[in-house]
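What follows is each chain in one-letter form.
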Amino acid sequence: MSLEVDITLEREVYSLQARLSVGQETVVIVGPNGAGKSTLLRCIAGLEPSTAGEVNLNGTPWLAHGSSLPTEMRSLGMVFQDDLLLPHRDVESNIALGAAGDPRTWIDRFDLTHLRNRYPAELSGGERQRTAIARACARHPAVMLLDEPLSAVDVERRPMLRRQIQDALAGFRIPALIVTHDPAESATLGDRIAVLENGVITQIGPAETLTSHPRSAYVAELVGLNLYQGIASEKGVRVGEAVLASSDQASGPVFVTIHPRAVSVHKRRPEGSPRNAWLGTIVSTDTTFDLVRMSIGGPVTITATVTSDGLAAVGATTGDPVWVSVKASEVRLQPR
Amino acid sequence: MRRRAGARLDLAGKAAIVAAGSAVLFLAFPVVALLIQAPWSTLIRDMRPGWNPLWLSVVVSSIATVVALVVGLPLAWLLSRAEGRRVQLVRGLLLVPIVLPPVVSGVALTAAYGRRGMVGALAERVGIVFSFTTAGAVVAVLFVSMPLLVLAAEAGFRQLEPGYLEMGKTLGLGPWQRARSIVLPLTRNSILAGAGLAWSRAVGEFGATIMFAGNRPGVTQTLPLAVFLGLERGIDQAIAISLLAVAVAVAAAAVTRLGWAGR
């Protein structure tokens, strides 16, 4: 099973040049707004005519030598940013629309059983999105394309839906592409990350590779997440010896992510009383482009990103003690 | 200064109310007059000559509406998808039957589909006659009513969010399935409204029908023609048959409103 994509698209305002090969895996496509992420998915689906290129699924051409297989003949499941549920059909018959086999399997798997006779207007954003994802799955597609599948869902419900999507994709064992702009999602949702900037894939690989060898400032900023394993309870989330406060609701084993940009570094103990503040030591600094990434040892080893000017203002270098603080709202929890 | 401006505004407001009131009275009064002047004691007897034409009107208009749906909806769909000069031209042509005096439409239909008309002569060789037949009455009302359906349906199709069709394609639905499962249900109200308008227009058609199809009782004599004929036998009969037409119009308007309201 593999999906080979090599697409060129020329428009007046932008161009897209993407080449990637997706096996039985999930590739997350990230990139700034307007980079062409959605357009790439639409090209693969055949909804957007490309200027030139090829798309092959297991050797079957979807697009070759300018002839394009109609979208309805391509075995794909697609979830759009907008759920596009048909308002005159209830949950069950929306899912049944293109289903191969019994749609009830998917209604159960996405916890929609009690909602199956509701109409889209009677559902919350998350319920609608779950229905849309279940509908795409019910086709048993050979390729899955998801465009920001979690963006319309409440933050606290995302981990659950993310896991449901992962389970479904794991069951299919098919090439899957997920577009997202959320760094935390990109780190946890897929096997590999493809970074699309200005219509070109600038880097593709596992999250670790992108973190250790970012090839652009955007990548460096995007994937340099602090990722910990923790145990969440009412008191907060325990990471090693430390307990951090978080605005996210969770309990039990979780992934804890903190964006390096959200880590503040101070010379003295910060004013007021931020709940997450500790004294650490700068272990190393590394300047990529105009950003300084510094690793700070302490109760929690953490990476902070500051501008060169910001570092100068703190006036500290490697080996110096600094105060570290992180807002509770920046400590993101996702169940493991 | 401010008071004078306010006073002027008041005057304008009053003038608007007077104008609006006059318009409502002007529009409502003729129907009220029909009810007042109606020969209530002999109403059933006076209405009797109207029953057959009423039935014929309903049949003719319904057939015409079905034909308009079958050929008009695809036309409306293509118009809603396409752009360019030629499409503008077609859209302009659609307005011709609406703006043309109905009597002129009748003459035009005779020239085209009459016994000596260009198409009519050919049709007659294979045994299809439109002039002075019920089929002709259908042709006459179809000509004047179909554009209304096409324009209303096209407006509905244009409002359809294109994402729904793309979603349908990604679910493997072919063109017919997309039309049946997505387009028609989502634009149902516009289509119903258009069909209601077209049907009402067909029921009311007089000029084109009498010119092209004639006034044969039981064959082409529809309700408006019966009213016209009734007038020759006295105002009472004309009013009695007219009341039948009013009832039909109210029913049709209700259906059309229902379509709009559900939007």
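The numbers attached to residues start from 1 for each chain and follow its sequence in the written order. Whichever chain is written first is A, and whichever ligand is written first is 1; the rest continue in order. Under the rules for a predicted model, residues below a pLDDT of 70 receive no local features and side-chain atom pairs below 80 are neither given nor counted, while totals for whole chains, interfaces and linings still include all residues. Side-chain metrics rest on all non-hydrogen atoms present in the structure, leaving aside hydrogens and water.

Can you break down the sheet that holds strand β21 (residues 332–335) of chain A residue by residue, with the values?
All names here are of chain A. Taken together, the five strands give an open sheet; going across it, the order is β14-β13-β12-β15-β21, and neighbouring strands pair in antiparallel fashion. The open sheet has two edge strands, β14 (242–244) and β21, and neither has a second partner. Strand-to-strand twist of the sheet, defined as the mean angle between neighbouring strand axes without regard to direction, takes the value 40°. Two strands are said to pair when DSSP picks up at least two bridges between them. Strands here mean DSSP runs of E at least two residues long; helices mean DSSP runs of H or I at least four residues long; both are numbered from the N terminus. Pairing of strand β13 (residues 236–239) with β14, which is carried by three bridges, proceeds in the antiparallel orientation. Across the sheet, the residue bridging to Val 239 is Ala 242, located in β14. For helices, the fitted axis covers only the stretch in contact; all axes are lines through C-alpha atoms, and the angles between them, taken along N-to-C directions, range from 0 to 180 degrees.

Which residues make up the interface of chain A and chain B, and what values go with them?
Contact definition: two residues touch when any of their heavy atoms are within 4.5 Å. With 17 residues of chain A in contact, the opposing surface of chain B contributes 17 residues. Take the accessible area each of two parts loses on contact, using a 1.4 Å probe, and add the two losses: that sum is the buried area. A combined buried area of about 1500 Å² lies between chain A and chain B, and 68% of that area is made up of carbon and sulfur atoms. Per-residue buried area on chain A facing chain B is highest for Glu72(A), Leu84(A) and Leu97(A); these three make up 34% of the total on that side. Between Lys or Arg on one side and Asp or Glu on the other, a salt bridge is scored when a side-chain nitrogen of the former is within 4 Å of a carboxyl oxygen of the latter. Applying the counting criterion to the chain A and chain B interface returns two salt bridges. Measuring nitrogen to oxygen at the nearest pair gives 2.8 Å for the salt bridge that ties Glu166(B) to Arg42(A). A 3.5 Å cut-off defines polar contacts: any pair of N or O atoms within that distance qualifies, except that in protein one atom must be a possible hydrogen donor and the other a possible acceptor, and neighbouring residues in sequence count only when both atoms are side-chain atoms. Taken together, chain A and chain B are joined by five residue pairs in polar contact (both at pLDDT 80 or more). Three categories are distinguished: nonpolar for Ala, Val, Leu, Ile, Met, Phe, Trp, Tyr, Cys and Pro, charged for Asp, Glu, Lys and Arg, and polar for the others, with Gly belonging to the last. Among the residues making up the side of chain A that touches chain B, the classes are represented as nine nonpolar, three polar and five charged.

Would you mind going over the domain arrangement of chain A in detail, with residue names and values included?
Residue and element names in this part refer to chain A. Domain limits in this description derive from either an automatic procedure or a database domain assignment. Domain boundaries in chain A define domain 1 (3–216) and domain 2 (226–335). For domain 1 versus domain 2, the distance between C-alpha centres works out to 33 Å. Counting residues at the interface gives nine residues for domain 1 and eight residues for domain 2. For the pair domain 1 and domain 2, the summed buried area comes to about 820 Å², and 61% of that belongs to carbon and sulfur atoms. Our enumeration of links across domain 1 and domain 2 arrives at zero salt bridges.

Summarise the nonpolar core; cite the residues concerned and give the values.
Taken as a class, soluble globular proteins show a tendency for nonpolar side chains to be buried jointly. Membership of the largest hydrophobic core comes to 64 residues, with the highest contact counts inside it found for Leu3(A), Ile44(A), Leu145(A), Leu177(A) and Met167(B). When residues in this core are grouped by element, the largest group, eight residues, is from helix α6 (residues 134–159) of chain B. Sequence-distant contacts of Leu3(A), that is, excluding residues within four places in its chain, are made with Leu20(A), Ser21(A), Val22(A), Ile44(A), Val55(A), Asn56(A), Leu57(A), Trp62(A), Val143(A), Pro175(A) and Leu177(A). The criterion is simple. A nonpolar core is a set of buried Ala, Val, Leu, Ile, Met, Phe, Trp, Tyr and Cys residues joined through side-chain atoms within 4.5 Å. Accessible area is worked out with a 1.4 Å probe on protein chains only. A residue is then buried under 20% of its type maximum, exposed over 50%, and partly exposed in between. Within the second largest apolar cluster, 37 residues are counted, among which are Leu112(A), Leu150(A), Leu161(A) and Ala176(A).

So, the layout of surface pockets: which residues are in play, and what are the values?
All names here are of chain B. Of the voids in this model, the largest pocket is the one considered here, and its volume is about 400 Å³. Put simply, the grid is 1 Å and covers the protein atoms alone, a cavity is a trapped set of points that fit a 1.4 Å probe, a pocket is an open set with protein on both sides within 12 Å along at least five of seven lines, and lining residues have an atom within 4 Å of a point. The wall of the largest pocket is formed by 13 residues, among which Trp 77, Pro 175, Trp 176, Ala 179 and Val 183 lie closest to the centre. Elements represented by at least two residues in the lining of the largest pocket include exactly α2 (43–81), α7 (162–170) and α8 (175–186). Element by element, the count of residues in the lining of the largest pocket is highest for α8, at seven residues. Grid points are joined across faces, edges and corners, and a volume is the space filled by probe spheres set on the points.

Can you explain the pairing of strand β3 (residues 26–30) of chain A? Please cite residues and give values.
Residue and element names in this part refer to chain A. For β3, a buried count of five out of five residues is recorded, marking the element as mostly surrounded by other parts of the structure. Because side chains alternate across β3, one face comprises the buried residues Thr 26, Val 28 and Val 30, and the other comprises Val 27 and Ile 29, equally buried. Of the strand pairs in this sheet, β3 and strand β9 (residues 176–179) are connected by four bridges, and their pairing is parallel. Bridged to Ile 29 within β9 is Val 179. Direction of pairing for β3 relative to strand β10 (residues 192–197): parallel, over a ladder of four bridges. Considered in β10, the bridge of Ile 29 is made with Ala 194.

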